[in-house]
Structures are given as structure tokens and as C-alpha cells.
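If you want the building blocks of each chain, they are given just below.
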Amino acid sequence: MEKTKPALGARLSGVRQYVKLLIILIVEVAFFSAFAPYFASSRNFVNILRQASEIGIMAIPLTLLLVAGYMDLSVGSIMGLSGIMVGMLMRAGVSVPLAILVGLATGVAVGLLNGFMIGCLNIQGVVVTIGSQVMIRGLCYIVTQGRAVSGYPRAFFTLNKTVAGIPISVWVWLTLSVLAIVVLERSYIGRNIKGIGNNATACVYSGVPVRRYKVLLFAFCGLVTAVASVFLISRISSAEATLGSGYELDVITAALLGGVSIMGGKGTVQGAMLGIVIIGILRNGLNMMGMSSIYQSIILGVLLLIAVTERRKKA
């Protein structure tokens, strides 16, 4: 009976979190439908999903990292470097599949570097990923020399097509999300990830290969971020040094809004998905109302602070 009460309380807390997010979604849709021209159209909703899918794809591995008690602040820069690599190779005449594979390998390489320094050298994750963020962004400027990389082959833009009226990127996002939900909620891997977030030392003494999990989680984050980068440059038809800049803010804010604890050990992929949709609708609606991106960033920053404060109160 004593074990059942905490479990029941956790479930009720999760349900309350989802209800809050759904209420926010309904309020957003109602507000922007009333005040933003052309917001409430099927075409615009598909556009919201297309734009949100790239951040949503990135949010999947970052959610797993947050649950494990870590954070990757370099995802925006990884997205930029991976996309630039893909674009430059295609422009040089390399086949689309090979260029994409190199871009994915770039993301994995950076993720492995982050994971090695954090998991094997025991350097703080925030320090490592901030360093990676700055270093990789500088590399993006060096590689591109400040110029946009464009001129991709027509075959590459098939990634923009829709299946059953839904963009391919959204299908990829949904597929990866379902797989991540199953792994986190229904497998020993998910239990170990939550365990590491709650008490990594106890996991070590229990025989869990904590270092390996850290390295693989950061490598997975780099890989999936590179996947999102491929869809992004396919949608905007170019890659430049600022590609992906600021995306880490959107991803982290969405995850925390969705109920993921910044302290580790708690959180769900489905909650992060709802957070992504909330931010996607917010950005789209504010754009339609003519609000500057500067003010949008301020609003997102406020949301992030509110989410972190609420999580700490519950902890």
C-alpha cells in the first residue's frame, strides 16, 4: 500500500501536467485564431507541424539526456555544422545519400566527443557543451566564410514532400517519438536512464555502465540533431553559419514545459512533444501578428524561467 501511493501520486501529477499543457494549447489556438489573420487554416497548421518537427526531432534525445541528469547546449551548433557539411558536399557534386550520411556522421562525432569528455573525463556537462557550442559555431563561420551554402540537387527536396497530407519530417518526428516513449517507459534502458538521473552513484554500484550510457546518449543526441538539420536545410534551401542558432533554447524550454525535471530522473517524451507544439504555435501566431523575433525570444526566456521554477517547487 505504501508503494502504491507514491506511484499513484506520480501518475496523477503527470495527468495534471498534461491537462495544463492541453489548456495552454486551447488558449493559444483560440487567441491566435481571433487576432492573427489566416492562423486558423489547415494549411497553416500543417506549416506549424513542419516547422515544429525539426525542433521536435531534436527534443527527443535532449529529453533523454535531461532525464539522465545532463544537458546539451551545443545542439544548435551541431545542427549548423551538420547542415553545412551536407550542403557543401551536395554542391560539390557528392550524391545526396552519401552527403546525408557524412552529415549524420558529423553529428555523431561531435556527440561522441561531448560524451567522452563528460562520461570518461568527468568534466561537467554544461562546461563541455558550452565549449562545444562556441567552438563548433566558430568552425561554421570558418567553413562557410560567412556565405550561405545553397544550390542543392532537386532530388534532395523530396524530403519536403507530404505523405497522407503530413510532411515527411513530421512522420519521422512521430516515429522517433513513439520509439523513444517505448524505450523510456517500457524497457530496462529507460529504467537505467531514470536511475542515472536520480542517483548515478547508486547505479554504478548496481552494475549499470553509467559511463557508456553517457557517451551513447550524447552520441545519439548528435545523430538525431543531424537528422533534424537535414530536414531544416531541405525546407529553407540553404545552410549558413547561423543555422540552428538559438534552437537549443526552444528545445530546452519545450522539454521543461512538458514536465521534464532539470534535476534529472523525471520526465516524458510525450510531455516534451506537447511543449514543442505549444512553442511552435506561439512562434507562428506571434509571427502572424508581426511581433519581432527579439520579443519572441524574451517571451521564450520568461517561459523557460517559469518552467524551471515550477519544476524546482515540485521537487
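Here the structure is shown first, and the text comes after it.
Residues numbered from 1 in each chain as written. Predicted model: local features only at pLDDT ≥ 70, side-chain atom pairs only at ≥ 80, totals over all residues. Heavy atoms only, no water.

## Concerning the side chain of Asn114
And then number 1: Following the sequence through the fold, Asn114 ends up in helix α4 (residues 96-120).
And then number 2: Here Asn114 is in contact with Asp72, Ser74, Ile78, Val128, Thr129, Ser132 and Phe218, once residues within four sequence places are set aside. (Helix = DSSP H or I, 4+ residues; strand = E, 2+ residues; numbered from the N terminus. Contact = heavy atoms within 4.5 Å.)

## Description of the packing of α4 against helix α8 (residues 210-236)
And then number 1: In the contact formed by α4 and α8, the axes pass within 7 Å of each other and the chain directions differ by 150°. The orientation of α4 with respect to α8, classified from their angle, is roughly antiparallel. As for the relative orientation of α4 and α8, their crossing is right-handed in sense.
And then number 2: When its residues are assigned to classes, the contact of α4 with α8 shows 14 nonpolar, seven polar and two charged. (Axes fitted to C-alpha atoms, helices over the stretch in contact; angles between N-to-C directions. Parallel < 35°, antiparallel > 145°, perpendicular 65-115°, else oblique. Left-handed = near helix turned anticlockwise from the far one by under 90°. Nonpolar A, V, L, I, M, F, W, Y, C, P; charged D, E, K, R; others polar.)

## Structural notes on the nonpolar core
And then number 1: Core analysis: the largest hydrophobic core is formed by 82 residues, its most contacted members being Val86 and Phe156.
And then number 2: Contacts of Val86, omitting those with residues within four sequence positions, involve Ala99, Ile100, Gly103, Phe156, Val230 and Ile233. (Core = buried A, V, L, I, M, F, W, Y, C linked by side-chain atoms within 4.5 Å. Buried < 20%, exposed > 50% of the residue type's maximum accessible area, 1.4 Å probe, protein only.)

## Details of a nonpolar patch on the surface
And then number 1: The grouping of Met291, Ile294, Tyr295, Ile298, Val302 and Ile306 at the surface amounts to a nonpolar patch, some 580 Å² of accessible area in total.
And then number 2: Its location among the elements puts Ile294 in helix α11 (residues 293-314).
And then number 3: We classify Ile294 as exposed; its relative accessible area is 58%. (Patch = residues over 30% accessible without salt bridge, like charges linked within 9 Å, V, L, I, M, F, W, Y side chains within 5 Å. Areas by Shrake-Rupley, 256 points an atom, 1.4 Å probe, with all protein chains shown as cover. Salt bridge = Lys/Arg side-chain N within 4 Å of Asp/Glu carboxyl O.)

## A short note on α8
One turn of an α-helix holds 3.6 residues; hence residues three or four places apart share an orientation.
And then number 1: Here α8 is 27 residues long and its end C-alpha atoms lie 39 Å apart, about the 39 Å a rise of 1.5 Å per residue gives.
And then number 2: Burial within α8 is extensive, with 19 of its 27 residues counted as buried. (Expected span 1.5 Å × (residues − 1).)

## Here we look at the environment of Gly246
And then number 1: Position of Gly246 relative to the elements: it lies in the loop between α8 and α9 (247-257).
And then number 2: Taking the C-alpha atoms as reference points, Gly246 and Leu73, 173 residues apart in sequence, are found 9.8 Å from one another.

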